[in-house]
Amino acid sequence: MKKYLSLLLCMALFLSLALAGCGSNGDTAASGSSTAGSSASTSGSSESTASTAAPDKITLQLKWLPQSQFMGYYVAQEKGYYKEQGIDIEILPGGSDIIPEQQVYNGVADIGVTWVSSLMKYQGQGWDLVETAQIFQKSALLLVSKTKAGIKTPADLKGKKVGSWFGGNEYELYAMIESAGLNRDKDLKLVQQDYTMDQLINDEIEAASAMTYNEYGLLLESGIPEAELSKLDMNEHNVAMLEDCLFVNSEWLAKNEDVFVRFLKASIKGWEEACKDPEAAGNIVFNVDKSVSLEHQVYMAKEVAKLVVPEGFDAAKIGYIDNKAIQQTADYALKYGLLTKAADISKCVNSKYWEQAAAK
Amino acid sequence: MTDKLKSTLWPLSIGVLTLLIWQLGGFHALLDLKPFQLPVPTGIASTLAQNLTKALRDCGITVSGAIVGMIIGSSIGFLIAVVATVFPKWGYGGLTVVSAFNAIPIVALSPIMNRWFSTGMGQKIGVVTVVTMAAMAINAYRGLTDLKPFSLDLMKSYAANRRTVFFRLRLPNCLPSVFTALKINITSSMIAAIVSEYFATSTSGLGFGIKDNLRKAEMAMGWSYITIAALAGIVLYLIISMVERRAVKWHASQRIK
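Not measured: the values here are computed from a predicted model.

1. Things to note about the sheet that holds strand 4 (residues 129–134) of chain A
For sheets, the rule is that strands pair by backbone hydrogen bonds, running either parallel or antiparallel. All names here are of chain A. Pairing is mixed across the open sheet formed by five strands, whose spatial order is 2-1-3-10-4. Single-partner strands in this sheet number two, and they are strand 2 (87–92) and strand 4. Strand-to-strand, the axes of this sheet are offset by a mean angle of 30°, without reference to chain direction. Examined bridge by bridge, strand 3 (residues 111–115) and strand 10 (residues 244–249) share five bridges and lie antiparallel to one another. Each residue of the ladder has a partner; that of Gly 112, found in strand 10, is Phe 247.

See below:
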């Protein structure tokens, strides 16, 4: 008797679960159709997209946490530029253990943001990935030290403790060290840096990696006056390699050319607007993720704008791939032993889609 | 003899078969992986051969950190167990605290140790010490207190004092538990040492090698480090097992069937 009772109870439970499942399914289906309806009506009002079909889902993998480094995409999302292009965008934050190249190759994300030198390394190993737009036109990496350490030129790094985040972020640093005639294994001590600037602030290391738009700002915010800091700029010492770019899996691209061009159009529009008004862009990013202060997001937005549209660069050309700079990145990568064989940049890079997207 | 032969031949042939399937791309087909995502055994072996000196140096660093940390951690754990046995009233509280330490993840411990120790070795040893304390304290305490009732009665009937009971009865009785704890600790100390290196400032050691190489597409090198780490773990475990076989011959678990 007891057996039957428990069986009956189980069945009842199962049935109710199944019913509940159906119910929620019905709900989502209903809400799904209602959002589809509303997006159809908005796309109807703007003439840019002819299709009234459901928007294409695109996943973008960032290289790091949601911050103004990626403000263009957030602005485009916030202002509905992706929606205008019939794209339903999902922006995936990065992190210390998230590798954009692997995420995109494995299909977790469709499009990724990474550094060119790091991407070339993957391409050199046979990963079928291709760069399609260059967002940052300049290197933002600095090697920062306190002036009392007396590091004024790369050669002064001899015998010092120098921090890097490694995992693909060390190549410009290697180039700088070796261009000064130093051996990176013997002449100085490379140290793994965490994602704060505490090691430099507490004098545990003498020089630390810092991005102009992030860690350098953290140092200033921590109360160290700019006069007490000296910085080695990769651009000034001719070891600059390109950083944030957009890349995709070639196989995916072949099947999604049209969607990708629309994605680029919306992203470029977002970046244009963000660089015109970094303060507003910083605010938008802050509202997405409040992990750092509003001041820091705005600071970052202003610094990033200088990389995306450097002085003398035509803002209409955001995302332009400068083959000369790419070649330089490839050359340095080879020269300083990051690549074992020369990269064929005609295979690493494809400007075609950017040209289509940038054409007005 | 045939039994012994069988018991080694079977696992060996399964191991060889696994390597063969791996080499011939069976896993790649099954899991939809490319050789540059998961290198094949020969690729890993040749990469390892080319970088053997560096890999062995890194292995030495990790293993020595793991062993020193395990010795310190196990000693502290054992002392706590002794205190808890001798002074049960308040000593037991120490055990509870130590078990609570066990719940702290390595991710959280590493930055703390980074602040305390300026060297990568100090940080590693610190993390391993904390991780290995609890297993030893709890196991040793059980061994020291979980006595056969009649044996304690017998000691009492001999009018043995607490000191004699401790050295003649409790200490030998806890040996099997101590070795159990050591076997747990030798594996967890390797894991703790490797994971702590992910977050260390030092750029040497197996953990940094695994993380860094896998991040920048040097998969074969990363897997070389994984292979070395696995081998080191197995060798350390075997050493402890061998010592155990000699030290507690009398225990039921060690008797030859």
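2. Description of the UniProt feature "transmembrane region" (unreviewed entry) in chain B
All names here are of chain B. Residues annotated by UniProt as "transmembrane region" (unreviewed entry) correspond here to residues 12–31, 61–84, 90–113, 125–144 and 222–240. Within the segment residues 125–144, helix and strand shares are 100% and 0% respectively, and the terminal C-alpha atoms sit 27 Å apart. With 100% helix and 0% strand, the stretch residues 222–240 has end C-alpha atoms that lie 27 Å from each other.

3. Focus: the nonpolar core
If you look at the biggest cluster of nonpolar residues, it comprises 153 residues, and the most contacted ones within it are Met71(A), Val144(A), Leu264(A), Val308(A), Ala333(A), Ala137(B) and Ala140(B). When residues of this core are assigned to their parent elements, the largest contribution, 14 residues, is made by helix 7 (residues 120–145) of chain B. Apart from the residues lying within four places of it in its own chain, the contact partners of Val144(A) are Leu200(A), Ala207(A), Ala208(A), Ala210(A), Tyr216(A), Leu219(A), Leu229(A) and Lys231(A).

4. Some details on the interface of chain B and chain A
Across the contact, eleven residues belong to chain B and 15 residues belong to chain A. Broken down by class, the residue content of the side of chain B that touches chain A amounts to four nonpolar, four polar and three charged.

5. Side note on the packing of helix 2 (residues 71–78) of chain A against helix 11 (residues 278–288) of chain A
All names here are of chain A. Packing of helix 2 against helix 11 brings their axes to within 9 Å, and their N-to-C directions diverge by 80°. Considering their axes alone, helix 2 and helix 11 lie roughly perpendicular with respect to each other. Residues Met 71, Tyr 74, Val 75 and Glu 78 of helix 2 touch helix 11, and the partners they reach there are Ala 281, Ile 284, Val 285 and Val 288. Along the lines of polarity and charge, the residues of the contact of helix 2 with helix 11 split into seven nonpolar, no polar and one charged.

6. What about the domain arrangement of chain A?
All names here are of chain A. For chain A, the domain assignment lists domain 1 (56–137 + 242–358) and domain 2 (141–233). The gap between the C-alpha centroids of domain 1 and domain 2 is 25 Å. Taken together, the 15 residues of domain 1 in the interface contact eleven residues of domain 2. For the side of domain 1 that touches domain 2, the secondary-structure elements that each account for two or more residues are helix 5 (116–124), helix 12 (294–308) and helix 13 (323–335). Element by element, the count of residues in the side of domain 1 that touches domain 2 is highest for helix 12, at five residues.

The rules behind the values
Residues numbered from 1 in each chain as written. Chains lettered and ligands numbered in written order. Predicted model: local features only at pLDDT ≥ 70, side-chain atom pairs only at ≥ 80, totals over all residues. Pairing = 2+ DSSP bridges. Helix = DSSP H or I, 4+ residues; strand = E, 2+ residues; numbered from the N terminus. Axes fitted to C-alpha atoms, helices over the stretch in contact; angles between N-to-C directions. UniProt positions renumbered as here; feature names shortened; annotations may be inferred. Core = buried A, V, L, I, M, F, W, Y, C linked by C-beta atoms within 7 Å. Buried ≥ 20, exposed ≤ 12 C-beta atoms within 10 Å, placed from the backbone. Contact = placed C-beta atoms within 7 Å. Nonpolar A, V, L, I, M, F, W, Y, C, P; charged D, E, K, R; others polar. Parallel < 35°, antiparallel > 145°, perpendicular 65-115°, else oblique. Domains from an automatic or database assignment.

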